[in-house]
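# Secondary and tertiary structure notes
Here's the letter readout for the chains.
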Amino acid sequence: MKITEIDNILAEIEAKYEYRKITDYKMVSSTTCIDRDGLEYGVLCSNNYLGFTHALEVHDGNLDGILYGTGSGSSRLISGSSFELSDFEKEIAGFKGAEDAIVFNTGYMANLGVLYALAGKDDVIFSDSLNHASIIDGCRISRAKVVVYDHSNMADLENKLMSTEVGNDSQRFIVSDGVFSMDGDIAKLPELVALKEKYNACLIIDDAHALGVIGEHGGGTADYYEIDPKRIDIQIGTMSKALGAEGGFAASTHSIVEYLRNRSRPFIFSTALPPGVARAAYTSLQLLKEDPKFYLSRLWSNARYMRRNLIELGLTVIDGETPIIPIVMGDSAKALEFAEKCRDRGVLVYAIRPPAVPEGTSRIRVTVTAAHSKAELDSYLADIKEVIKEL
Ligand SMILES: *Cc1c(COP(=O)(O)O)cnc(C)c1O
C-alpha cells in the first residue's frame, strides 16, 4: 500500500458502509452518557457487564491506588511492581482456580504475549474460526503453523488434530474464546478439554466476555461447566470488561507464568499499569466474590428479558444465553442505518460490520449489564420498536 493512496482507500471503505467514526461521550453513569451537545443516551453497547466502572467502592479503590502514583514509571522487571498489581495477580489466580497469574496492559496484549512467548515456528495452533482478533494476531506474531477449525465444530477440530503432523519436540495448542465476542455463544469446553487431553495439546481459553458473566460465581467458562479450571492450561482474561478497569491477564501454573514473566515481550517491554487501575480491578473482584448472586442474577435476568423482548419485536436474534445479543441484519448499510436511527432516539447500539465479522453477516450487537434497570430496558425497547416501524 502506498500512503499516497490512503484517501482513496478511505473513500472505498466509506462506500462499503464500513467507515468508522469515533464519537465523544461522557459516561455520566454506568448505563448512560451525554455527547458534546449535552444530549443524553442509554448505552446498550458497553462490556461493563456489572456496572463496576461507576461503583463507589471501585472509585475509592482507584483513588487509594493513585496515592502511589498516577503512572507506574516503568516495566515491573526494571523498577519493581506496585503492591496493587501483585495483589491483583494473586487474587485473580485464586479466583480462576490457577496457581499464578500475570497481568498485561490489556487483554489484547495478554493474547499476544502468551502466544508469542509460548508458540514458535515448529508448533501448531488450532484456532476457532470466530476467535477474537487478539488471538488471531497472537497466532500471527508467534510464527507457529495455524490451523483454523470451523466455529465450535469439535469433529472438525478432531479431524484437524489427527491429520496435522506435529514434530516430536513441538507443541499443539488449542485456543478458543470462552464466550465468543461477536455471537455471544459459549465454547464447548468439556469437548475441548477431552480433545486437549487426548491429543496432548495445551488448551488456552480467552474468558474476556466470560469473567464476571457466566458460571455460578462469575468465574467464567470453567465455572459455567463446573469443570476443574486446572484442566485448562492457560486462562486469559481482561480487567476492562466486567471488572470495569483496564488490563489483561493470563492465569496458569507457576512455571508457565514465570516463563511468561521472563520471556513475554509485551509484558517485558511495556510500562506496567498504574496502581490505581490495579486497585480498581481488585476492588471489583472483591465485590463480585462477596456477592456473586447479587450481580449475576440481575445480569442474567436483564439478558433474558432483553433477548425475549427483541425476539417479540420480530427481530432475528442469534440464539444464546449471554448478555451479548446479536441481531442479524446481513448488509452493512442496513445495520448502520438501524444503529443510527437508534442513536437519533437516544439509544446506543453497535453496528458490527466487516472486518469484525464476515462479509454479509453484519449485525447489531446489543449488550445489557447488571446495572440496567427494567425501566431503562423498557424505554430502550420502545425506541427500538419505533425504529423497526420507520425502517
Ligand atoms: C475484548 C477482548 C479482548 C481484549 O481485551 P482488552 O482488555 O479490551 O484489550 C481479548 N479477547 C476477547 C475475546 C475480547 O472480547
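Our structure's up above, just so we're on the same page.
The rules behind these values
- Residues numbered from 1 in each chain as written.
- Predicted model: local features only at pLDDT ≥ 70, side-chain atom pairs only at ≥ 80, totals over all residues.
- Heavy atoms only, no water.
- Helix = DSSP H or I, 4+ residues; strand = E, 2+ residues; numbered from the N terminus.
- Rg over C-alpha atoms; globule rule 2.2 N^0.38 Å.
- Buried < 20%, exposed > 50% of the residue type's maximum accessible area, 1.4 Å probe, protein only.
- Contact = heavy atoms within 4.5 Å.
- Areas by Shrake-Rupley, 256 points an atom, 1.4 Å probe, with all protein chains shown as cover.
- Lys, Arg positive; Asp, Glu negative; His and termini not counted.
- Charge placed at Lys NZ, Arg CZ, Asp CG, Glu CD.
- Pairing = 2+ DSSP bridges.
- Patch = residues over 30% accessible without salt bridge, like charges linked within 9 Å, V, L, I, M, F, W, Y side chains within 5 Å.
- Salt bridge = Lys/Arg side-chain N within 4 Å of Asp/Glu carboxyl O.
- Near = heavy atom within 4 Å.
- Nonpolar A, V, L, I, M, F, W, Y, C, P; charged D, E, K, R; others polar.
- Polar contact = N/O pair within 3.5 Å; in protein donor to acceptor, adjacent residues only side chain to side chain.
- Expected span 1.5 Å × (residues − 1).

A word on the overall build of the protein. Check the secondary structure of the protein and you find 15 helices and 14 strands. Expected size for 391 residues packed as a compact globule is a radius of gyration near 21 Å; at 21 Å, the protein falls within 12% of this value. Referenced to the eigenvectors of the C-alpha coordinate spread, the extents of the protein come out at roughly 60 × 50 × 50 Å. The buried share of the protein, reckoned over its 391 residues, is 53%. Taking the intrachain contacts of the protein between residues at least 6 apart in sequence as the baseline, contacts between residues at least 24 apart amount to 70%. Surface summary for the protein: the accessible area is close to 18,000 Å², and the carbon and sulfur share equals 51%. Taken together, the 41 basic and 56 acidic charged side chains of the protein have centroids lying 2 Å from each other.

Attention now goes to the sheet that holds strand E12 (residues 347–348). Read across the open sheet, the four strands follow the order E1-E2-E3-E12; overall the sheet is mixed. The open sheet has two edge strands, strand E1 (26–27) and E12, and neither has a second partner. Pairing of strand E2 (residues 32–34) with strand E3 (residues 40–43), which is carried by three bridges, proceeds in the antiparallel orientation. Residue pairing across strands places threonine 32 opposite glycine 42, the latter belonging to E3.

A cluster of acidic residues, Glu57, Asp60, Asp64, Glu290 and Asp291, forms a negative patch on the protein surface. Examining the composition of the negative patch, we find that three residues originate from one element, helix H2 (residues 56–66), more than from any other. Secondary-structure assignment places aspartate 291 in the loop between helix H12 (275–290) and helix H13 (292–312). For aspartate 291, a relative accessible area of 36% gives the class partly exposed.

Before going further, it helps to spend a moment on the site of the ligand. Taken together, 15 residues surround the ligand, and among them Asp206, His209, Thr238, Ser240 and Lys241 come closest. For the ligand, whose free accessible area comes to 380 Å², the fraction covered by protein is 87%. Counting residues per element, the shell around the ligand draws most heavily on helix H5 (residues 107–118), which supplies three residues. When the residues that make up the shell around the ligand are grouped by side-chain class, the tally is two nonpolar, 10 polar and three charged.

Along the chain, aspartate 207 turns up in the loop between strand E8 (202–206) and helix H9 (221–225). Of note is the side chain of aspartate 207, whose polar atom sits 2.4 Å from the side chain of threonine 221. Every residue in contact with aspartate 207, bar those within four places of it in the chain, is listed here: Lys96, Gly178, Gly219, Gly220, Thr221, Gln235 and Ile236.

For the rest of this paragraph, the subject is H13. The end-to-end C-alpha separation of H13 is 30 Å, in line with the 30 Å expected for 21 residues at 1.5 Å each. Among the residues of H13, Pro292, Tyr295, Leu296, Leu299, Asn302, Ala303, Tyr305, Met306, Arg307, Asn309 and Leu310 are the ones counted as buried. Where H13 is buried, its residues contact H12, strand E11 (324–330), strand E14 (362–367) and helix H15 (374–390). Phi turns positive, to about 90 degrees, at glycine 314, one or two residues after H13.

With that out of the way, let us pick up a positive patch on the surface. On the surface, a cluster of positive charge is contributed by Arg298, Arg304, Arg308 and Lys374. By residue number, the principal contributor to the positive patch is H13, which donates three residues. Looking at the secondary structure, you find arginine 298 in helix H13. Under the relative-accessibility criterion, arginine 298 is labelled partly exposed at 36%.

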